[in-house]
Amino acid sequence: MNKKIGKVFVWPLCTRIIHWIIATSFILSFITSFCDDKFKLHIALGFIFGIVLTFRIIWGFVGPSYATFDTFKLKFKELKYYFVEKMEDRWRKIHAGHNAASSWFTIIVLFLGYIIVMSGMLLYGIQEASGVFAWLNEYYYRHSYMLLALHKYISYILFFWAIIHVLGVLVEQFYHKTDMVLAMITGYKNCEGKDTKMSQTRNIFAYSAIFLSVGVLYFVLSHEESFLTKNKFGTIDFQKENVLFYDKCSKCHKIYPPFMLPNDSWMKIFDGLENHFGEKITENNISNIDQDSIKTYILANSAENSTRKISFKTLDSLGDMRPLSITKSPYWREAHKNIDNTVFKSSIVKDKSNCFVCHQHFEDGIFDNTLVRIPRDVK
Ligand code: HEC
Ligand code: HEC
């Protein structure tokens, strides 16, 4: 193809679609990280972000001319020249491919994006004991704080980085009048260069990545559990594990799993059964022998003996405190601070301690953020 001046076809349709998938999957996963009951969507969007970033990196080596890294303008001199010329509004010549600013922008997005995706997948495995890295939970759960900080702060940085990109593009569009916004919609730029030609193989590769992204979104959301979201700690059949515990302790409320409280809290609960949250439980209800047997079972499975997030985070936040209820722990309070008190007092929830209404399958020993539901009619 010969060089031409005027409308040059720079971004083929698949490239534009991928660009918008990168942008929307990141922005939506950023937003859903603040929505309590959108955790599963957050995970699914994270997978998509990972897929399209991986595609974009490979594309940087095998893609058509304007997309490959060897056409990027990464010399410091070029970046300086770009900004000086832009600032003085002297430069009207538009690059067909990536200009110096967008070259650097892309490299940094790929770098930060990959850190976010990897730290997210590891965090999901190590902290939540879910997904493909769930097996790492028991070895590294102590490091989940560091991973969380990395995941969170790098995401903030990328978010601000994206805003800078949008502002830059708007300046190009409206101040320098280069129609840059339209380029990522129509694929055409007003510049000097050759039209992009897409080979069959490249088309197949790019559209496979697009279909894979959509497929993963559907797969994760349509399955209650899959290998991508499976929690390492399956359902616990308390009736089978300890029939006394199941029979005696689920009379008034569903079973509170032993792993949610530390040893000494459980000891206090057993020492105070005479006045158990306003209820009197005596030897007539549960014999001393049975109480001892239940206590032994619970202590063997308490927070100290578990690598679940709810266990180690509760323990860490408690310090020296050993309350009777998890709702007294700073971790619990922090996690529920956005839920209005009227929700807890509503006719469906009734009490803060009624975890089971919002945390589905908690009584089966499952604590999974993808299963959180705040009853809608009381919101
Ligand atoms: C006679 C009824 C009754 C029985 C039997 C009973 N509980 Fe409770 N329990 C309560 C009430 C009432 C509360 C306050 C929270 C609520 O309303 O669910 C409570 C709360 C708890 C809590 C606090 C949950 C939290 O962190 O907020 C734990 C733990 C608990 N019970 C454990 C047990 C264990 C273990 C047994 C068996 C030995 C048991 N309960 C048997 C009535 C009972
Ligand atoms: C009114 C509904 C509701 C009740 C009742 C409730 N929770 Fe929650 N809980 C939530 C919501 C919503 C979140 C936020 C989930 C998130 O951040 O993804 C949450 C978060 C948590 C977290 C933190 C999860 C995290 O990601 O760090 C823990 C632990 C937890 N709840 C345990 C409990 C326990 C134990 C009880 C019972 C003593 C309980 N909750 C009662 C709705 C509830």
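Residues numbered from 1 in each chain as written. Chains lettered and ligands numbered in written order. Predicted model: local features only at pLDDT ≥ 70, side-chain atom pairs only at ≥ 80, totals over all residues. Heavy atoms only, no water.

Draft legend 1. Representation of the coordination of the iron atom of ligand 1 within the structure. Taken together, His 253 (NE2) and His 276 (NE2) make up the protein donors of the iron atom of ligand 1, found 1.9 to 2.0 Å from the metal. Taken together, the six donor atoms coordinating the iron atom of ligand 1 and their angles of 87 to 180° define a geometry best described as octahedral. On the criterion of sequence distance, the pair formed by His 253 in the loop between helix H10 (243–249) and helix H11 (263–271) and His 276 in the loop between H11 and helix H12 (288–300) is long-range, its members being 23 residues apart. Relative accessible area serves as the criterion here: at 29%, His 253 is assigned to the partly exposed category. (Donors = N, O, S within 2.8 Å, 3.2 Å for Na, K, Ca; no water. Tetrahedral: all angles 85-135°; square planar, octahedral: opposite > 155°, others 65-115°. Helix = DSSP H or I, 4+ residues; strand = E, 2+ residues; numbered from the N terminus. Buried < 20%, exposed > 50% of the residue type's maximum accessible area, 1.4 Å probe, protein only.)

Draft legend 2. Focus on the domain arrangement of the protein chain. As assigned here, the protein chain comprises domain 1 (4–222) and domain 2 (238–378). The centre of domain 1, based on its C-alpha atoms, is set 44 Å off from the matching centre of domain 2. Taken together, the contact between domain 1 and domain 2 spans 13 residues of the former and nine residues of the latter. Between domain 1 and domain 2, a total of about 1300 Å² is buried, with carbon and sulfur atoms accounting for 49% of that surface. Its salt-bridge partner being Lys 309, residue Glu 128 comes within 2.7 Å of it at the nearest N-O pair. (Domains from an automatic or database assignment. Contact = heavy atoms within 4.5 Å. Buried area = accessible area lost by both parts, 1.4 Å probe. Salt bridge = Lys/Arg side-chain N within 4 Å of Asp/Glu carboxyl O.)

Draft legend 3. Representation of the site of ligand 1. With respect to spatial proximity, 18 residues lie near ligand 1, and among them Cys 249, Cys 252, His 253, His 276 and Ser 325 are the closest. Interatomic distance of 2.6 Å between a side-chain N/O atom of Ser 353 and an oxygen atom of ligand 1. Put simply, the parts of the chain that give the shell around ligand 1 at least two residues each are H10 and H11. The class makeup of the residues in the shell around ligand 1 is 12 nonpolar, four polar and two charged. (Near = heavy atom within 4 Å. Polar contact = N/O pair within 3.5 Å; in protein donor to acceptor, adjacent residues only side chain to side chain. Nonpolar A, V, L, I, M, F, W, Y, C, P; charged D, E, K, R; others polar.)

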